[in-house]
Amino acid sequence: AKSFKIVLTVPKLTPDMRPYFQINYLKYPDNTAVESFPPALTDAEKELIKQVQYEWAHVADAAAAAKQACAVTNTVTIQPGQAVEWLKSDKGGVISTFWMNPVPPAGAAAWDRSKMLRNLVLTFCWDDAKQPAVQVPLGDFFCNALLRRAFSSLPVAVSGNALVCRFPMPFGKSAKGMIRNDGAFPVTLETGYNIGPPAGTGQLQYFQAAWNNAVSQGIPYQVMRASGSGHLVGCYVVNIGMDGYWSIFEGDDMIRLNGEAVQSFNGTGLEDCFNGGWYYYGLFERPLHGLVEKAPIRAAQYRF
């Protein structure tokens, strides 16, 4: 409510250590009523923290269990240039889980197989909308744009061969999910999903996801532009350097709200935005952020 102090105790340093600390903070407007963080937690708060710790320590198990619990499963073959409908509902509800396992033909060339997750395009339409609310390459949606790699976050995971999504996706009266094959060979797609009852009586918050890319240097790259109220729930970014330098991480993330001429939020570097400040030292997966690919002058990272 009034003030705070942070103390850092640094161990004895070795020559290879880089003891950087970065603390960001925002101040509330004057006269804002603030309740200070309590010096002692209640039993209920302690129990809640234990539950969160358990859930975050067993994310992979939860994704596998959600996949196994899907009531509707199906297998379809998608020819090159074809789009197939794999999910349809004519009454309101919430998609609580869906999973997919695309399988290339046995004789497909390694180079073509490597592009399969980008060549399959996932779309969702809610409530008879003409334009899809989700239109993203399958690999990018599941943070596996460059190749299929097992990892687990809270909303999406790769469990065994299955790409598993646990983002809640509500709709009022209908839902349609499709997959388009922009590749050169047919793909067998195993799918499964669960649709639960409608989520309350308030205004629906539709799930949306978009994908875009660019080749540029020295100019800001627009990740998203949106109007209307809502929540930004996640971002997955693939960076590939074209000049032999790691400058692909030196851009700051910036957010402008409600027509601002100058951004009200200015980050301190791309890897900082994905909770990997002062660069990444290896692949890692966390419930809400992680690095799924790291190779010479390329990386792929997520944050939810």
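Here's what I pulled together on the structure shown here. (Residues numbered from 1 in each chain as written. Predicted model: local features only at pLDDT ≥ 70, side-chain atom pairs only at ≥ 80, totals over all residues. Heavy atoms only, no water.)

Grouped together as the largest cluster of nonpolar side chains are 43 residues, with contacts concentrated most on Phe98, Phe141 and Met169. If sequence neighbours within four positions are ignored, Met169 has contacts with Gly93, Val94, Ile95, Phe98, Phe124, Trp126, Phe141 and Phe207. Among the nonpolar cores identified, the runner-up in size contains nine residues, and Phe249, Tyr280, Phe284 and Leu291 belong to it. (Core = buried A, V, L, I, M, F, W, Y, C linked by side-chain atoms within 4.5 Å. Buried < 20%, exposed > 50% of the residue type's maximum accessible area, 1.4 Å probe, protein only. Contact = heavy atoms within 4.5 Å.)

Take the environment of Ala83 next. Along the chain, the position of Ala83 falls in strand β2 (residues 83-89). Here Ala83 falls in the partly exposed class, since its relative accessible area comes to 40%. For the pair Ala83 and Asn181, spaced 98 residues apart in sequence, the C-alpha separation works out to 6.3 Å. Once you skip the residues sitting within four places of it in the chain, Ala83 turns out to touch Met178, Ile179 and Arg180. (Helix = DSSP H or I, 4+ residues; strand = E, 2+ residues; numbered from the N terminus.)

As a further point, take helix α2 (residues 59-68). Those residues of α2 that sit buried are Val59, Ala63 and Ala66. Buried residues of α2, viewed axially, fall in a sector of 65°; they line one side. Of the residues in α2, the exposed ones pointing more than 90 degrees away from the buried face are Asp61 and Gln68. The inward-facing, buried residues of α2 abut α1 (43-57), β3 (93-103), β6 (151-152), β7 (156-159) and β8 (162-165). (Arc of directions from axis to C-beta.)

It is worth spelling out the sheet that holds strand β17 (residues 289-295) at this point. Taken together, four strands build an open sheet; the order of strands is β13-β18-β17-β16 and the sheet is antiparallel. Two strands close off the open sheet at either side, each with one partner strand: β13 (235-240) and β16 (284-285). (Pairing = 2+ DSSP bridges.)

Considering the arrangement of structural elements, one finds Ala175 in strand β10 (residues 175-181). Residues Ala175 and Trp111, 64 residues apart in the sequence, show an inter-C-alpha distance of 34 Å. When near neighbours in sequence (up to four residues on either side) are disregarded, Ala175 contacts Leu87, Lys88, Ser89, Cys125 and Trp126.

Enumeration over the complete set of coordinates arrives at five salt bridges. Ionic pairing is found between Asp90 and Lys88, a salt bridge with its closest N-O pair at 3.6 Å. According to the relative accessible area criterion, Asp90 is exposed, its value standing at 61%. When its relative accessible area of 46% is taken as the criterion, Lys88 is described as partly exposed. (Salt bridge = Lys/Arg side-chain N within 4 Å of Asp/Glu carboxyl O.)

With respect to the secondary-structure elements, Arg113 resides in helix α3 (residues 110-114). Residue classification places Arg113 among the partly exposed positions, given a relative accessible area of 38%. Placed 52 residues apart in sequence, Arg113 and Asp61 show a C-alpha to C-alpha distance of 28 Å. Apart from residues lying up to four places away in sequence, Arg113 is in contact with Pro104, Ala108 and Phe185. Within polar-contact distance, the side chain of Arg113 engages the backbone oxygen of Ala108 at 2.6 Å. (Polar contact = N/O pair within 3.5 Å; in protein donor to acceptor, adjacent residues only side chain to side chain.)

Taken together, the four bridges between strand β4 (residues 120-126) and strand β5 (residues 134-137) define a ladder with antiparallel strand orientation. Bridge assignment links Phe124 to a residue of β5, and that residue is Val134. When β5 meets strand β12 (residues 209-210), the two strands line up parallel, connected through two bridges. Within the sheet, the bridge partner assigned to Gln135 lies in β12 and is Ala210.

Note on placement: Ser174 falls in the loop between β9 (169-171) and β10. Here the side chain of Ser174 touches Asp128 through a polar contact of 3.1 Å, side chain to side chain. In contact with Ser174, other than residues within four places in its own chain, are Ser89, Asp90, Lys91, Cys125, Trp126, Asp127 and Asp128.

Another point: the layout of surface pockets. Of the pockets and cavities examined, the second largest pocket occupies roughly 450 Å³. Forming the boundary of the second largest pocket are 18 residues, of which Ala1, Phe4, Leu26, Tyr28 and Val34 lie nearest the centre. Classifying every residue of the lining of the second largest pocket by side-chain character gives 10 nonpolar, four polar and four charged. (1 Å grid on protein atoms, 1.4 Å probe; cavity = no way out; pocket = protein on both sides within 12 Å on 5 of 7 lines; lining within 4 Å. Points joined across faces, edges and corners; volume = space filled by probe spheres on them. Nonpolar A, V, L, I, M, F, W, Y, C, P; charged D, E, K, R; others polar.)

With respect to topology, five strands assemble into an open sheet ordered β2-β10-β4-β5-β12, the strand pairing being mixed. Where the open sheet ends on each side, the last strands, each with one partner, are β2 and β12.

Glancing now at a nonpolar patch on the surface. A surface patch of nonpolar side chains, about 920 Å² in accessible area, is lined by Phe4, Ile6, Leu8, Val10, Leu13, Met17, Phe21, Ile23 and Tyr25. Tracing the backbone shows Leu13 in the segment before α1. Exposure remark for Leu13: the relative accessible area of 44% places this residue in the partly exposed category. (Patch = residues over 30% accessible without salt bridge, like charges linked within 9 Å, V, L, I, M, F, W, Y side chains within 5 Å. Areas by Shrake-Rupley, 256 points an atom, 1.4 Å probe, with all protein chains shown as cover.)

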